[in-house]
Amino acid sequence: CIDVRLPNDKKIWVPRIRANLSKGSHHFVVYRSDSRHEQRQPYVCTPFIDTLYGDTVPLFITQTREETLELPPGVAFELEPHQMIRLEAHYLNYYTEPITAEATVTFELMPEGQVPIVADFMFYGTSDFKLPAGETYSTRWNFMPVPPDIQVFAMTGHTHQLGTNVEVEYTTFTTEGELVYPPEGEPFKWSEAPVSYFDPPLQFDGEYAFNLKCTWNNTTEQDVVFGESANKEMCFFWAYYYPSQGFLMRFSGF
């Protein structure tokens, strides 16, 4: 991680975020942080711990070498004056030669005087799984309630190297779910997970929710459980929505 303070004297609005990652990247997380002190030299940090306690909240997560998150017209992220930003890079060198871990992020700003609808971030997942050695395994469907009066315009799924699929349905308790992730024609690939964009956005009214299911092929000789290590597994999706009701996080199995 590094912690950097933005130079803006006034509130700014970000309708577009671009990221570029060098090879070996697993994913790259950009947080809004309540940290009071800059740390511009990279330091070892524990993923998502501060998020659980509310000190940092994700703004953007990318899993691909190049990604541009384009928000809908009139929608943008809100950053306070001199906002502290935490950048968290996850790298794994599976090459035969040394690599340089490098990541850049660019915030593109709205012109002054424009006040958009404020966007935010949701992070949903489950740790309720154990992958038997040498077997293919899928979780049950995990019903994930979503607050009413929000619109989701993009999402992506996340596993580690044994993952073969992340499926997300847009559903209610009484209707058959509509598969909204992975994108049609773009199979899930854990190392370069695709992003689904929704135009028009998915609407939530208090009845509609998400259903999440993950599938893995455990080719190892050991059972595998949830964990942050590259030798353990995860089952998440994250999504971008508006208007903001703050950072939304939900886990099952904890």
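Here's a quick rundown of the structure. A quick note: this is a predicted structure, and the numbers were derived from the prediction, not measured.

**A word on the side chain of N8**
Along the chain, N8 turns up in the loop between β1 (2-5) and β2 (12-14). Look at N8 and you get buried, because its relative accessible area is 11%. For N8, the side chain forms a polar contact with the main-chain oxygen of E80, separated by 2.9 Å.

**Quick notes on the sheet that holds strand β6 (residues 66-70)**
Strand order in the open sheet made by the three strands is β6-β3-β9, with antiparallel pairing throughout. A single partner strand is all that each edge strand has here, and the edge strands are β6 and β9 (103-108). Each strand axis lies, on average, 10° off the axis of its neighbour in the sheet, ignoring direction. Of the strand pairs in this sheet, strand β3 (residues 16-21) and β9 are connected by six bridges, and their pairing is antiparallel. When the bridges of β9 are listed, L21 appears paired with A103.

**A few points about the side chain of T139**
Relative to the helices and strands, T139 resides in the loop between β13 (136-138) and β14 (142-145). By relative accessible area, T139 is classed as buried at 6%. If we skip the residues at most four places from it in the chain, T139 touches F129, L212, K213, C214 and W216.

Reading the values: rules and limits
- Residues numbered from 1 in each chain as written.
- Predicted model: local features only at pLDDT ≥ 70, side-chain atom pairs only at ≥ 80, totals over all residues.
- Heavy atoms only, no water.
- Helix = DSSP H or I, 4+ residues; strand = E, 2+ residues; numbered from the N terminus.
- Buried < 20%, exposed > 50% of the residue type's maximum accessible area, 1.4 Å probe, protein only.
- Polar contact = N/O pair within 3.5 Å; in protein donor to acceptor, adjacent residues only side chain to side chain.
- Pairing = 2+ DSSP bridges.
- Axes fitted to C-alpha atoms, helices over the stretch in contact; angles between N-to-C directions.
- Contact = heavy atoms within 4.5 Å.

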